[in-house]
Amino acid sequence: MSNSLTIQQIASAIGGEPSSGLDPKRAIRNLAALAAADEHAISWIDGPKWQSAAATSKAAALIPTADVGGDLPNRIVVADVQSAVADLLDLFADDTDQPEPGLHPSAVIESGAEIAPSAHIGPHCLVRAGARIGERSILVASVSIGRNVIIGCDCHLRDHVVVHDRCIIGDRVAIHATSVIGADGFGYIFRNGQHRKLRHIGTVVIEDDVEIGASTTIDRAKVGETRIGRGTKIDNQVQVAHNVSIGPLSILVGQVGLSGSVRLGAGCVLGGQVGVTDGLQLADGTRVAAKSAVMTDCTEPNQTLMGIPAQDHMTHKRELIRARRLPQLNERVVALEKKVASLEGATDH
Amino acid sequence: MSNSLTIQQIASAIGGEPSSGLDPKRAIRNLAALAAADEHAISWIDGPKWQSAAATSKAAALIPTADVGGDLPNRIVVADVQSAVADLLDLFADDTDQPEPGLHPSAVIESGAEIAPSAHIGPHCLVRAGARIGERSILVASVSIGRNVIIGCDCHLRDHVVVHDRCIIGDRVAIHATSVIGADGFGYIFRNGQHRKLRHIGTVVIEDDVEIGASTTIDRAKVGETRIGRGTKIDNQVQVAHNVSIGPLSILVGQVGLSGSVRLGAGCVLGGQVGVTDGLQLADGTRVAAKSAVMTDCTEPNQTLMGIPAQDHMTHKRELIRARRLPQLNERVVALEKKVASLEGATDH
Amino acid sequence: MSNSLTIQQIASAIGGEPSSGLDPKRAIRNLAALAAADEHAISWIDGPKWQSAAATSKAAALIPTADVGGDLPNRIVVADVQSAVADLLDLFADDTDQPEPGLHPSAVIESGAEIAPSAHIGPHCLVRAGARIGERSILVASVSIGRNVIIGCDCHLRDHVVVHDRCIIGDRVAIHATSVIGADGFGYIFRNGQHRKLRHIGTVVIEDDVEIGASTTIDRAKVGETRIGRGTKIDNQVQVAHNVSIGPLSILVGQVGLSGSVRLGAGCVLGGQVGVTDGLQLADGTRVAAKSAVMTDCTEPNQTLMGIPAQDHMTHKRELIRARRLPQLNERVVALEKKVASLEGATDH
C-alpha cells in the first residue's frame, strides 16, 4: 500500500463530499480499520455500533454510514459506504500491475497450444497441446493446463492451479492457488468383488466472472458437464462433485460440499461447511445456514434452510428452543405425575 | 469423445442385443444423459422413473433396465445396465493413450532414483534419491516424490501430487491432483509452556488398486504405518490422520475426516463430511450417513450409523421424528395441566 | 529408521534408569508400538490399560508410565513417558539432515530477492522480487514465494507451499505441502446485479514457532492483517478466513473453518471440523468439541463448548440425554392422559 492520495483525490474517486474541516490537500497513505488507522489513514464507520471506536480512531478521514450521528469534522459523506470502501480498496491496492505478456523460459508449452500474445505464462507453468489461453489472461506460476482446455480473456489463475483436459473457462475468471478443475468424479460400481471405476468422460464449464478460492475442487462430469454459472463466487476448500450445476450469481462459502448432480438455481447462498446430498435441486435464491446438511429438494424459491437435516430456518430455530426447554417439560410431567397420583389416591377413598 | 462406433460394435462390446428396429451400421458418436442426448448419442434408462425422459430423448439408442416397459424400438437389451454404462464410458473415453515412456527434460531426477523404462515422468516432476517408480507408472506433471518412496506398476499420479519420504504405494494406484501422502501427523505434547512436536517417523502404505481424489491428505504414522487397504476408494478433500488403518474395499466420500489411529474394517462406507474421533474402531461393513460424527466404537459388523454423535440410524431417525413432534407433546402437557387443575378443583369441593 | 543405539545410549538420552535385567550394550534399532515391536525395538506403555499388550510385546525394552505395575524386567523408568517418547522419536528420525545450502538450478529467483547464504531453495521453487528468506530456512520443492514476502530463520516450507505477496512469516515456522498463505479473502458486495469483489489489500502474519498442516488455507486481510499467534499449531485442511486473529499456543485440528474476523484467544483448542461464525470472539483457553458450530461469542475464558449451535458442553450433553429419553417422556404423557381421562370419568359420576 505505497500509494498516497489527497483527500480531494479520494473524494473525487469515491464521489464523496468532504467536511469543511478536512484539508483537501492532506495526503492519505492507506485504508485501515478504525482501531488500526493512524493519522495517515482513511477509515469507515459501518453503523452506529462503531461510533465509540470512531471517536477514538486516529484516522485522518472517516466515511460514516448515514445512520452514524455525532460530530465528525473529518467525515466524507457518500451515498454508499460499502461501494466507497470497495473503491478505496481498488485505489490502495499495490498489486494492480499487469505482468508483462509472454512466456517465462521455465514454462513448458506443448506444441499445438495457442496462447494469446497478451497473455502471461509464469514460471514452471505447463500448457498442454490443444489448449487455448485468451488475451490478457495470467497463469501466475506452476499452473498446469491440460489438453484442449479453453481459457477465455482476462482470467487470473494463481500459483499451482490445475485445470484438467477439455475443461472450458470463460472470461474474467479468477482461480486461487492449488484449486483443481476437472478431476474425475467419484463413481464406482461394485462388481466381481471390486469397485469398478466409472470413467468420467464429461467436462467442467466455468462461465464468465466466476471466482474460485484456494484449494477448491470441481470435478468433471461422468457424461456432459459440471457447470458453474456466470458471476458465481466460490470460497476456499469447497468440493463440487461431478455433474453439479450451479446457477449464476450464487455464493458458496468455505468448505461447502456439493454431492454429485446437485443443481443450484440462481442467487443461492450456502454458508460455510454446508453439505448437499446427491441429486438434490435447490431453487433460485435458496439460502442455507452454515453447517447445515440439505437432504431433500427445495423447489420453492427464496427459502432459508437450517439444520441437519435442513428444514425451514424458523421451524428449526423453534425446534432448537423447544429442545432447550426439555428439562422444564420433564419437570412439568413429573409434577403432573405427582398430582395425578394424589388425585387417584383421593378418588380411591 | 471423438470416437465413433456402430450399433453393432457397441452391442458386441457390451454384450447387448439390439432391437430389430436399430440399424446395426448406424454410427454412434458419444454417450449422453437422456435429456442431453442428440441423434448421434446412446443413452441409458435407469429405471421406470426415467421413462418419460426416455420418451422425449433424441438418443439414437437406449439401454433400459429390465423394469422399464413401453415400446422402445431403439433399445439395446443387456443383463446389467450399470456395467454396460461403465463399458461405454471406457469405449468413449478419449484420454486412454498411454503417454510415451521417459523423462521430460524439465523433470528433476536425483541420482539414485530408479525409474522403470516404461514409466512416464512428466514436466516439472521431482523424484528424490532412493525412490523407485514401477513399470508403466505415470507421474503427470509437477509431481513430487520423496526419498526412498516406492511406487508400484501402472500407477497414475496426477498433477502436483506430493508423496513424502519412504511412503509405499502399490500397483494400479491412482492419486488425483494436489493430494499429499505422508505429511507429518498432528501430534504435540505441552511442556515448558510450548507445544513440543512429536516427530512422525512412520510411513504410509497404500495397497493395490486404491484411488485417491484431489486435495486429499493422508498423514504418515508417528511410528509404524498409516495403511489404506486394497481397492479402497477415497474422494476429494478427505483427511486421513496418522496411524489410521482402513480395510480393503472401503469408500470415503468427500470431506470425510478420520482422526489419528482410527481403524476401519473392510467394506466400510463413510458419507460426505463424516468425522470419526481418534482411536475408534469401526467393524467391517460399517456405513455412516453423511455429516455424522462417530464418537464411539462400532464393533458389530454391517451397522448403519447416523447423527452427531452417531448412533444406529433407525434410532436416530425416530429421535428426529420425536424432536419434530415436541410442540405437540408440549400442547398435550398443557392440556393435561389444565385438566389436572380442574380435577384438583373438583376434589377440593 | 536406520539408526541403532544401545540401551545405555537411549537411557542416557531420555534420562531413564534401565532395569538390571536389561543389557546396557543391547542394540535397539527402532521405536514401535507395543504390538508391532520386534526384539530390536523399544516401546512404551501408556497406562495400565496397555498392560496386557505389554505382556505379549516382543519389544526389547519398555518405558511404562508410573501407574503400570507388574514384573517388567526390561523396563526403563523415566519421570515423563511422553517426553521420553518425543525424545526417542527425535533419536530415531532419519530425516534430520539439513539439506545443503544453496539454490537448485531449476529454481527461479527473481532479481531483488534476498536469500540467506545458509538457506536451501529446492527444485522448481519460485522466489519473487523483494522476498527475503532467512538463515537456514528450507524451501523443499515447488514452493512459490510472492513479492516482498518475508520468511524468517529456520523455517521449513514443504513441497508446493504457496505464500502470496507481502505475507510475513516468523522464525522456526513449518508449513506442510500445498498449503496456501495469503490468498484473497472471500468478500463481495452486490451492486448492479453483480457480486463486486472487495480487493484484499491486507496481509498475513505468522508468528514464530507456528506449524501449519497440509492443504490448509490462510487468507489475507481485507485491510490490516490475518494473524496466527506464536506457537500455535494448525492441522491439515483448515480454513482460516480474512482478518482472523489467533492467539499464541492454540490448536486447530483438521478441517476446522474460521470465518472472517474471528478472534481466538491464547491456548484455544478447536476439535476437528469445528466451524466458527464470522466476527466471533473466543476467550483464552476456549475448547470446542469436534464437529461443533460456534455461533455466539464466548467471552469467559476456559469454557468448553459443544453442539450445533455450540453451548456449554455439560448443558449440551444433558440435552442429548434428554433427547434420547423422549420416547419414555412420550409414554409417560400417554399414561398420564389415560389416568386423567379415567379420573375425569370418575368425577363425572
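A quick note: this is a predicted structure, and the numbers were derived from the prediction, not measured.

Outline the overall build of chain A, listing residues and values.
A tally of helices and strands in chain A yields five helices and 40 strands. On C-alpha atoms alone, chain A measures out to a radius of gyration of 28 Å, which is more than a quarter above the 20 Å that the 2.2 N^0.38 rule sets for 349 residues. In terms of overall dimensions, chain A has C-alpha extents of about 100 × 80 × 30 Å along its principal axes. By the burial criterion, 57% of the 349 residues in chain A qualify as buried. Considering only contacts in chain A between residues 6 or more positions apart, those separated by 24 or more positions represent 18%. Just so you have it, chain A exposes about 13,700 Å², and 50% of that area is on carbon and sulfur atoms.

How would you explain the environment of Thr56(B) if you had to name every residue and give the values?
Residue and element names in this part refer to chain B. Relative to the assigned elements, Thr56 resides in helix H2 (residues 51-56). Sequence separation between Thr56 and Ala35 is 21 residues; the distance between their C-alpha atoms is 7.8 Å. There is a polar contact of 3.3 Å between the side chain of Thr56 and the backbone oxygen of Ala53.

For the packing of helix H1 (residues 7-14) of chain C against helix H3 (residues 81-92) of chain C, give the residues involved together with the corresponding values.
To characterise two packed helices, one gives the angle between the axes of the helices and the distance between these axes. Residues and elements named next belong to chain C. As a packed pair, H1 and H3 sit with axes 9 Å apart at the nearest point and diverge in direction by 125°. Classed by the angle they form, the pair H1 and H3 counts as oblique. Considering the relative orientation of H1 and H3, their crossing is right-handed. Here Ile10, Ala13 and Ile14 of H1 come into contact with H3, specifically with Ala84, Asp87, Leu88, Leu91 and Phe92. Among the residues forming the contact of H1 with H3, the class breakdown is seven nonpolar, no polar and one charged.

Account for the environment of Lys233(B), naming residues and giving values.
Along the chain, Lys233(B) falls in strand E28 (residues 233-234). Lys233(B) sits 206 residues away from Ala27(B) along the chain, and the two C-alpha atoms are 35 Å apart. Residues within four places of Lys233(B) in sequence aside, it is in contact with Phe186(A), Tyr188(A), His195(A), Asp209(B), Glu211(B), Ser250(B), Ile251(B) and Leu252(B).

How would you explain empty space enclosed by the protein if you had to name every residue and give the values?
Counted by the stated rule, this structure contains five cavities of 30 Å³ or more. Forming the walls of the largest cavity are Gln237(A), Gln255(A), Gln273(A), Lys291(A), Gln237(B), Gln255(B), Gln273(B), Lys291(B), Gln237(C), Gln255(C), Gln273(C) and Lys291(C). Its residues placed into classes, the lining of the largest cavity shows no nonpolar, nine polar and three charged.

Mind laying out the interface of chain C and chain A, listing which residues take part and the relevant values?
You'll often see interface size given as the accessible area lost when the parts meet. Listed per partner, the contact involves 62 residues of chain C and 63 residues of chain A. A buried area of about 5,100 Å², summed over both sides, lies between chain C and chain A, and 59% of it is on carbon and sulfur atoms. There are eight salt bridges connecting chain C and chain A. Remark: the boundary between chain C and chain A carries 30 residue pairs in polar contact (both at pLDDT 80 or more).

With reference to specific residues and values, describe the relation of the copies chain C and chain A.
Here chain C sits on chain A after a turn of 120° about the axis and a move of 0.0 Å along it, with an RMSD of 0.1 Å. Here the two chains are linked by the operation of a three-fold rotation axis.

Account for the sheet that holds strand E30 (residues 245-246) of chain A, naming residues and giving values.
Residues and elements named next belong to chain A. The strand order across the open sheet built from nine strands is E10-E13-E16-E19-E24-E27-E30-E33-E36, with neighbouring strands paired in parallel fashion. One side of each edge strand has no neighbouring strand; the edge strands of this open sheet are strand E10 (114-115) and strand E36 (281-282). The sheet contact formed by E10 and strand E13 (residues 132-133) spans two bridges and is parallel. Each bridged residue has a counterpart across the sheet, and for Ile115 the counterpart in E13 is Ile133.

So, the pattern of salt bridges: which residues are in play, and what are the values?
The full count for this structure, using the stated rule, is 48 salt bridges over all chains. Close ionic contact of Arg128(A) with Glu110(A) constitutes a salt bridge, the shortest N to O distance being 2.7 Å. Residue Arg128(A) is located in the loop between strand E12 (126-127) and E13, and its partner Glu110(A) is located in the loop between strand E9 (108-109) and E10; the two are separated by 18 residues in the primary sequence. Arg128(A) sits in the buried class, given a relative accessible area of 9%. Its relative accessible area of 23% is what places Glu110(A) among the partly exposed residues. Arg147(A) is the partner of Asp165(A) in a salt bridge, and the nearest nitrogen-oxygen pair spans 3.5 Å. Within this pair, whereas Asp165(A) is found in the loop between strand E18 (162-163) and strand E19 (168-169), its partner Arg147(A) is found in the loop between strand E15 (144-145) and strand E16 (150-151), the two being separated by 18 residues in sequence. Each member of the salt-bridge network shares a partner with another, and the members are Asp87(A), Asp90(A), Arg196(C) and Arg199(C).

Mind laying out the sheet that holds strand E25 (residues 211-212) of chain A, listing which residues take part and the relevant values?
All names here are of chain A. The twelve strands lie next to each other as E8-E11-E14-E17-E20-E25-E28-E31-E34-E37-E39-E40, forming an open sheet whose pairing is mixed. The open sheet has two free edges, formed respectively by strand E8 (102-103) and strand E40 (311-312), since each of these has just one partner strand. Here strand E39 (residues 304-306) pairs with E40 via two bridges, running antiparallel. Bridge pairing in E40 places Met306 opposite Gln311.

Criteria and cut-off values
Residues numbered from 1 in each chain as written. Chains lettered and ligands numbered in written order. Predicted model: local features only at pLDDT ≥ 70, side-chain atom pairs only at ≥ 80, totals over all residues. Heavy atoms only, no water. Helix = DSSP H or I, 4+ residues; strand = E, 2+ residues; numbered from the N terminus. Rg over C-alpha atoms; globule rule 2.2 N^0.38 Å. Buried < 20%, exposed > 50% of the residue type's maximum accessible area, 1.4 Å probe, protein only. Contact = heavy atoms within 4.5 Å. Areas by Shrake-Rupley, 256 points an atom, 1.4 Å probe, with all protein chains shown as cover. Polar contact = N/O pair within 3.5 Å; in protein donor to acceptor, adjacent residues only side chain to side chain. Axes fitted to C-alpha atoms, helices over the stretch in contact; angles between N-to-C directions. Parallel < 35°, antiparallel > 145°, perpendicular 65-115°, else oblique. Left-handed = near helix turned anticlockwise from the far one by under 90°. Nonpolar A, V, L, I, M, F, W, Y, C, P; charged D, E, K, R; others polar. 1 Å grid on protein atoms, 1.4 Å probe; cavity = no way out; pocket = protein on both sides within 12 Å on 5 of 7 lines; lining within 4 Å. Points joined across faces, edges and corners; volume = space filled by probe spheres on them. Buried area = accessible area lost by both parts, 1.4 Å probe. Salt bridge = Lys/Arg side-chain N within 4 Å of Asp/Glu carboxyl O. Least-squares fit on C-alpha atoms with pLDDT ≥ 70 in both. Pairing = 2+ DSSP bridges.

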